[in-house]
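Architecture and fold: a report
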Amino acid sequence: MTASISSRDLSTSPRVLVVDGSKVVRQLITRVLQAELPQAEVVGCGTGAQAHQLLQAGVFDFITVALRLPDMDGLELARYVRESAPQIYVPIVVVSGDVDDRLHRRALGEHVTDYFDKSLGFQALAEFIRGYVRPESSADGVVLYVEDSRVVALATRRMLEKIGLTVRHVVSVEDALAMLETERIQGGVGADVVLTDVSLKGELTGGDLLKFIRTDFGYGKGKLPVLVMTGDENPDNQAALIRAGANDLVEKPVEERLLVTKLLFQLRVAQHLRARERAGQTE
């Protein structure tokens, strides 16, 4: 990986990977996306092996995959992305006209974000993807923010509260864990997104917070996204944070537009996943 993960701003030119064994389908999806999302770069391929190569060569912001590929199952490719691709928690959507039982029940496993039925039309697919990659100027959600610098915390809170977010600020990982534990006892999660610095003055670091959230609390990247602020520009160290459970990274000093874009993206995906989970529970 040659580029810094944290410098990626998906709102300027989102990259969409279209994986489908049918060249006609790839062309249709690409044509509609280029018309509806002219700022997007759409890359198509016909096999899982080709997708592997593309994913290793660069970062994508959204992936569509057919349920059945010539060389592998689409779910197998989704698993590869989650376990091997050095990138953010990218939304992966199965696009299929074969709505079999697992699609009907949305029983696609933890690696797939959602599914889209081709019978709805590719125009609807463009709108579906637009909801993930379109930047927004306002939002509604709760951010658990861990930062021990009063000056940095004040500036960052202003950025987030300006767009409508509720910020619960704590100065240490210990305080953040106490808040999350209290919320868990009461049946909640405690926040929609966690924003934390890596280096903190207490005994625990942002990396430790990641471990507690992903392992001890058992919250996956969709249930409680974690955005990490870091001053380390080393791509290998940044990739290690992603593998440890960070959804995405933002380099310090923080640039407001990049931070807000990345945070809103994670918020939107998490809210979508929770809405889908609630819909499944009521069926």
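As a starting point, this report considers the structure included with it. (Residues numbered from 1 in each chain as written. Predicted model: local features only at pLDDT ≥ 70, side-chain atom pairs only at ≥ 80, totals over all residues. Heavy atoms only, no water.)

Per the secondary structure count, the chain includes ten helices and ten strands. Per-residue burial over the chain gives 52% buried out of 283 residues. In the chain, the proportion of contacts linking residues at least 24 apart, taken out of those at least 6 apart, comes to 68%. For the chain, the computed accessible surface area is about 12700 Å², with 50% contributed by carbon and sulfur atoms. (Helix = DSSP H or I, 4+ residues; strand = E, 2+ residues; numbered from the N terminus. Buried < 20%, exposed > 50% of the residue type's maximum accessible area, 1.4 Å probe, protein only. Contact = heavy atoms within 4.5 Å. Areas by Shrake-Rupley, 256 points an atom, 1.4 Å probe, with all protein chains shown as cover.)

This part takes up the packing of helix 7 (residues 173–185) against helix 8 (residues 206–216). Two numbers describe a pair of packed helices, the interaxial angle and the distance between the axes. Interaxial distance between helix 7 and helix 8 falls to 10 Å at its minimum, and their mutual angle equals 20°. Here helix 8 runs roughly parallel to helix 7, going by the angle between their axes. In the packing of helix 7 onto helix 8, the handedness of the crossing is right-handed. In this structure, helix 7 contributes V173, A176, L177, L180 and R184 to the contact, and helix 8 contributes G206, L209, F212, I213 and D216. In terms of residue class, the contact of helix 7 with helix 8 is built from seven nonpolar, one polar and two charged. (Axes fitted to C-alpha atoms, helices over the stretch in contact; angles between N-to-C directions. Parallel < 35°, antiparallel > 145°, perpendicular 65-115°, else oblique. Left-handed = near helix turned anticlockwise from the far one by under 90°. Nonpolar A, V, L, I, M, F, W, Y, C, P; charged D, E, K, R; others polar.)

L144, V194, L209, I213, L224 and V228 are the most contacted members of the largest nonpolar core, which totals 24 residues. Breaking this core down by element, the ones donating at least two residues are strand 6 (142–146), helix 7, helix 8, strand 9 (226–230) and helix 9 (235–244). With four residues, helix 7 is the largest single contributor of residues to this core. Apart from residues no more than four positions distant in its own chain, I213 is found in contact with L180, V194, G218, Y219, L224 and V226. (Core = buried A, V, L, I, M, F, W, Y, C linked by side-chain atoms within 4.5 Å.)

As a packed pair, helix 2 (residues 48–57) and helix 3 (residues 74–84) sit with axes 11 Å apart at the nearest point and diverge in direction by 20°. Here helix 2 lies roughly parallel to helix 3, going by the angle between them. Like other packed secondary-structure pairs, helix 2 and helix 3 cross with a definite hand, here right-handed. Mapping the contact onto sequence places G48, A51, H52, L55 and Q56 in helix 2 and L77, Y80, V81 and S84 in helix 3.

Bringing the pairing of strand 8 (residues 193–197) into the picture now. Among the five residues that make up strand 8, five are buried, leaving the element largely enclosed by the rest of the structure. In this structure, strand 6 lies alongside strand 8, joined through four bridges in parallel fashion. When the bridges of strand 8 are listed, Y145 appears paired with L195. The β-α-β motif built from strand 8, the intervening helix 8 and the parallel element strand 9 has right-handed crossover chirality. (Pairing = 2+ DSSP bridges. Right-handed = clockwise from strand over helix to strand, strands pointing away.)

Bringing the sheet that holds strand 10 (residues 248–251) into the picture now. If you trace the five strands from one edge of the open sheet to the other, you get 7-6-8-9-10, paired in parallel fashion. One side of each edge strand has no neighbouring strand; the edge strands of this open sheet are strand 7 (166–170) and strand 10. Strand after strand, the sheet turns through a mean of 20° between neighbouring axes, direction not considered. Relative to strand 10, strand 9 is paired through four bridges, and the arrangement is parallel. Directly across from L227, in strand 10, lies its bridge partner D248.

On to the pattern of salt bridges, then. Across all of its chains, the model carries eight salt bridges by this definition. A salt bridge links E181 to R184; the shortest N-O distance between them is 2.7 Å. Within this pair, E181 and its partner R184 are both found in helix 7, separated by three residues, close to a single helical turn. Of the charged contacts in the structure, one is a salt bridge between K252 and D197, with a shortest N-O distance of 2.6 Å. Pair noted here: K252 is in the loop between strand 10 and helix 10 (256–282) and D197 is in strand 8, with a separation of 55 residues, a long-range link. Judged by its relative accessible area of 28%, K252 falls in the partly exposed class. (Salt bridge = Lys/Arg side-chain N within 4 Å of Asp/Glu carboxyl O.)

Turning next to the pairing of strand 3 (residues 62–65). Strand residues, when the strand is regular, have side chains that alternate between the two faces of the sheet. Alternating residues of strand 3 divide into F62 and T64 and I63 and V65, and every residue in both groups is buried. Of the strand pairs in this sheet, strand 1 (residues 15–19) and strand 3 are connected by four bridges, and their pairing is parallel. Paired with V19 across the two strands is V65, which belongs to strand 3. Sheet topology note: the strand 3/strand 4 (residues 92–96) ladder contains three bridges and is parallel. Across the sheet, residue V65 finds its bridge partner in strand 4, namely V94.

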